[in-house]
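One-letter residues, chain by chain:
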Amino acid sequence: KVLGGIDALPVPAGDEAKCEELPDGSVVVSSRVTGGRLFNVFRFTDEHNGSWGEPIFSGETNGGCTAVENACNGEILMIPAIRTEDGKKITLALQSVPLGPGRKSVGIYYKEVEGGESSQGFAADWNGPYNVTQKPSAYSTMIQLKNGNIGFYYEESDHIAPRGYDMVYKEIPVHEICSGRYVSVK
């Protein structure tokens with residue numbers, strides 16, 4: 001069953017989309033687009049039905065996930081975390097993209113989410129980015145490990161194309177990605 005029906009176009013100007021569930025049960029789609037990401041949120045009206053909002057660009061113009069001079073696959077991930085300022089448990093959204101210019105300097109943006117955000121609210125005002133590498137780099141994916149750290153897998157190269165990329169894995173603590181503002185829930 002396709003969310004919104006078979007004719008739904010939640011990110012018509014994007015491709016290579018990824019989805020994650022928000023804390024309130026809504027679904028966010030994140031898609032590559034030149035200069036950043038394209039986000040849209042699906043809200044359920046009951047257990048089987050709902051609708052997509054408006055697709056919204058996330059990039060430099062709205063404090064979003066900026067990808068300078070590139071459109072590249074990235075990963076979106078929701079994780080439980082603790083805000084260090086007050087010890088409150090929250091949900092943290094992580095979004096990876098090549099920071100650029102071009103396909104280099106893969107990094108991770110982050111922001112607190114509660115659920116109930118509109119597409120416009122979700123797309124704007126991200127924090128970071130944390131720079132994973134400054135080398136030529138492109139596609140990336142991530143998952144939260146049992147110890148709370150982020151398992152980050154991405155393409156990286158010491159050379160300019162056409163040689164291609166090496167696949168690199170790094171384990172990154174949440175507090176490192178977020179400059180100490182959040183820690184993982186273990």
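Cut-offs used in this document
- Residues numbered from 1 in each chain as written.
- Predicted model: local features only at pLDDT ≥ 70, side-chain atom pairs only at ≥ 80, totals over all residues.
- Heavy atoms only, no water.
- Phe/Tyr/Trp six-rings, centres within 6.5 Å; stacked < 30°, edge-to-face > 60°.
- Helix = DSSP H or I, 4+ residues; strand = E, 2+ residues; numbered from the N terminus.
- Buried < 20%, exposed > 50% of the residue type's maximum accessible area, 1.4 Å probe, protein only.
- Salt bridge = Lys/Arg side-chain N within 4 Å of Asp/Glu carboxyl O.
- Polar contact = N/O pair within 3.5 Å; in protein donor to acceptor, adjacent residues only side chain to side chain.
- Core = buried A, V, L, I, M, F, W, Y, C linked by side-chain atoms within 4.5 Å.
- Contact = heavy atoms within 4.5 Å.

Q: Would you take a moment to explain the packing of aromatic side chains for this structure?
A: Each aromatic ring pair is described using two quantities: the centre-to-centre distance and the angle formed by the ring planes. Within this structure, the stated rule accounts for seven aromatic pairs. Ring centres of Phe39 and Trp126 lie 5.7 Å apart, and the angle between their planes is 10°; this geometry places the pair in the stacked category. Of the two residues, Phe39 is situated in strand E3 (residues 36-44) and Trp126 in the loop between helix H1 (119-123) and strand E9 (127-131); the sequence distance between them amounts to 87 residues. Residue Phe39 is classed as buried on the basis of its relative accessible area, which comes to 0%. Residues Phe152 and Tyr154 carry aromatic rings whose centres are separated by 5.5 Å and whose planes lie at 40° to one another, so their mutual orientation is tilted. What links up through ring pairs into an aromatic cluster is the set Phe39, Phe122 and Trp126.

Q: What's the story with the pattern of salt bridges in this structure? I'm lost.
A: Pairing is possible between side chains of opposite charge, provided their charged atoms come close. Under the criterion given, the structure shown has eight salt bridges. Arg32 serves as the salt-bridge partner of Asp15, at 2.5 Å between the closest nitrogen and oxygen. Of the two residues, Asp15 is situated in strand E1 (residues 15-21) and Arg32 in strand E2 (residues 27-33); the sequence distance between them amounts to 17 residues. Owing to a relative accessible area of 36%, Asp15 belongs among the partly exposed residues under this scheme. Between Asp86 and Arg83 there is a salt bridge, with the nearest N and O atoms lying 2.8 Å from each other. Residues joined by salt bridges that share partners form a network here, namely Asp15, Glu16 and Arg32.

Q: Even after reading the chapter, I still don't get the environment of Glu20, so can you show me in this structure?
A: Counting through the fold element by element, Glu20 comes out in strand E1. Judged by its relative accessible area of 22%, Glu20 is partly exposed. Each C-alpha atom, one on Glu20 and one on Asp158, is 32 Å from the other, the two residues being 138 residues apart in sequence. Of note is the side chain of Glu20, whose polar atom sits 2.9 Å from the backbone nitrogen of Met78.

Q: What's the story with the nonpolar core in this structure? I'm lost.
A: Most often, soluble globular proteins keep nonpolar side chains buried together rather than apart. Counting residues in each nonpolar core, the largest one holds 21 residues, and the members touching the most others are Leu92, Leu94, Ile108, Ile150, Phe152, Ile177 and Tyr182. Of all the secondary-structure elements, those providing two or more residues to this core are strand E6 (76-83), strand E7 (89-98), strand E8 (106-113), strand E11 (150-156), strand E12 (166-172) and helix H2 (174-177). The contact partners of Leu94, leaving out residues within four places of it in the chain, are Glu75, Ile76, Leu77, Ile79, Ile108, Tyr109, Tyr110, Trp126, Met142, Ile150 and Ile177. Counting 17 residues, the second largest nonpolar core, distinct from the first, contains Val28, Cys65, Met78 and Val97.

Distances and angles like these do not, on their own, reveal function.
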